[in-house]
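Each chain is listed here by its residues.
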Amino acid sequence: MTKIEPFAERIYVTRPVFPKIEEVTEKLQDIWNSKWLTNNGPQHSMLERELTDFLRVPYLSLFNNGTIALIVACQSLRLSGEVITTPFTFAATPHVLSWNNITPIFCDIDAETMNIDANKIESMITPHTTAILAVHVFGIPCDVEKIQEIADRYGLRVIYDAAHAFGVEIGGKGIGNFGDISMFSFHATKLYHTVEGGALVHGDKNLKQRIDLLKNFGIKNEEEVVMPGINGKLDEIRAAIGRIMLNYVEDERQKRIFLHKIYNEELSDVEGIKIMPTCAGVKLNYQYYVIRIDEKTFGRSRDFVYDEFRKFNVFARKYFHPLCSDFTCYRQLNSSNPANLPVANEIGQQVLSMPMYGGLKEDDVRKICAILKSFRR
Ligand code: T4K
């Protein structure tokens, strides 16, 4: 077998999409002419309208990042007590509950979708439960129907952390139309970004008013401050970049669809590697490409692969390991007991997010897969 040489430069798990600098300069000139830098300026208003259309949702409020947006989502619904969520997510998800003085209750995940297991939610409900905070992890939709059915039966609110799910549609319906509120992250590492940024989407006009007050210190007018709000505002420069980036998102998605197919082609028959699930009736965004490595049948552990990849200049990531339930701030919770989370604990040891961004070439992906296959024993 021929020896595989390391990549000449580091291959990261992702790379942000950069717009043409001239387009940014042009928009900056508009901002300079307007003498308006932040606090609900014209770029902000236009981006809110454009994203409302793009995501096919009734109402949308922009934010300076997805985490502040989620904190405000909990405030806007006046959540308290306990909220049922997933341990298999980015740290921000349970942290927004803690910032609202709410106890996260970790529910196990589904072995296929890696999302909260809707069949296990009901057994975790107590008199203190006020909501379900589910995550469409890696852009794969949760079981939205079952979650809503449980929420309706118990009078619970539903918030979706849709940080990974920009542009995803279920049966032609924008994914932001499910639950009470959904949050999108527009961080630089996402398929669509505003450098840093995020949004809350929902179907209730009064809720939009409340959310918009909460993200602006609760200021109603110069004489009245009506609630203890925060500063969650997106500035004009990032809103303008967001407007430009809307023209890039479909092209980037198409490039990732192509790379996703190459990964599938190379890896679907490799014993011990599980590729991403497919979802009937769902328009996916192909933001991530995540594999699961079964040590028994692949002959090597995920951690071995992660370490060895680095020697070839491939910087894959263990999204999401450690589980949130293993963080020092959460592991004392009853629901964090690994016996309660067998699937999440198993998947947390197996997942690896592979490099995925439009700038990758077909040959790069084929080489990454060849390196991976060379590790097999
Ligand atoms: N909920 C969920 C489920 C989330 O995944 C996230 C964020 C949130 C909520 C919170 O939303 P935000 O408040 O962030 O809007 C990254 C992102 O920073 C984070 O937004 C994202 N999830 C998470 C999954 O990934 P890190 O700590 O892994 O990022 P970092 O800096 O290691 O970047 C990853 C790779 O990207 C680097 O190895 C190289 C490349 N990179 C990164 C940046 C920032 C670049 O090439 N250029 C860059 O500018 O969290």
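Look up: the structure comes first, before these words.
Residues numbered from 1 in each chain as written. Predicted model: local features only at pLDDT ≥ 70, side-chain atom pairs only at ≥ 80, totals over all residues. Heavy atoms only, no water.

A word on the sheet that holds strand E2 (residues 59-63)
Turning to step 1, where the next piece is worked out: Pairing in this open sheet of 7 strands is mixed, and the strands run E2-E10-E9-E6-E5-E3-E4 from one edge to the other. Taken across any chain shown, the strands that pair with only one partner, and hence form the sheet edges, are E2 and strand E4 (103-106). Put simply, the sheet's adjacent strands are angled 25° from each other on average, direction ignored.
Turning to step 2, where the next piece is worked out: Bridge analysis of strand E6 (residues 157-161) against strand E9 (residues 181-185) gives 3 bridges, and the strand direction is parallel. Bridge pairing links Tyr160 to Ser182 in E9.
Turning to step 3, where the next piece is worked out: Helix-sheet contacts for helix H3 (residues 66-76) involve E2, strand E5 (129-135), E6, E9 and strand E10 (198-202), and the interaxial angle to E9 is about 170°. (Pairing = 2+ DSSP bridges. Helix = DSSP H or I, 4+ residues; strand = E, 2+ residues; numbered from the N terminus. Axes fitted to C-alpha atoms, helices over the stretch in contact; angles between N-to-C directions. Contact = heavy atoms within 4.5 Å.)

Side note on the site of the ligand
Turning to step 1, where the next piece is worked out: Neighbouring residues of the ligand: 25 residues in total, closest Arg15, Thr67, Asp161, His164 and Tyr319.
Turning to step 2, where the next piece is worked out: In this structure, a nitrogen atom belonging to the ligand sits 3.0 Å away from a side-chain N or O atom of Lys190.
Turning to step 3, where the next piece is worked out: Relative to its unbound accessible area of 920 Å², the ligand is 77% covered by the protein chains.
Turning to step 4, where the next piece is worked out: Among the secondary structure elements, those contributing two or more residues to the shell around the ligand are H3, helix H4 (92-98) and E9. (Near = heavy atom within 4 Å. Polar contact = N/O pair within 3.5 Å; in protein donor to acceptor, adjacent residues only side chain to side chain. Areas by Shrake-Rupley, 256 points an atom, 1.4 Å probe, with all protein chains shown as cover.)

As for the side chain of Arg210
Turning to step 1, where the next piece is worked out: As for its position among the elements, Arg210 is in helix H7 (residues 205-214).
Turning to step 2, where the next piece is worked out: In this structure, Arg210 is buried with no salt-bridge partner, the nearest side chain bearing the opposite charge being Asp204 at 9.4 Å.
Turning to step 3, where the next piece is worked out: At 3.3 Å, the side chain of Arg210 and the backbone oxygen of Gln75 are in polar contact.
Turning to step 4, where the next piece is worked out: Discounting residues that sit within four places of it in the chain, Arg210 has contacts with Gln75, Ser76, Arg78 and Met227. (Buried < 20%, exposed > 50% of the residue type's maximum accessible area, 1.4 Å probe, protein only. Lys, Arg positive; Asp, Glu negative; His and termini not counted. Salt bridge = Lys/Arg side-chain N within 4 Å of Asp/Glu carboxyl O.)

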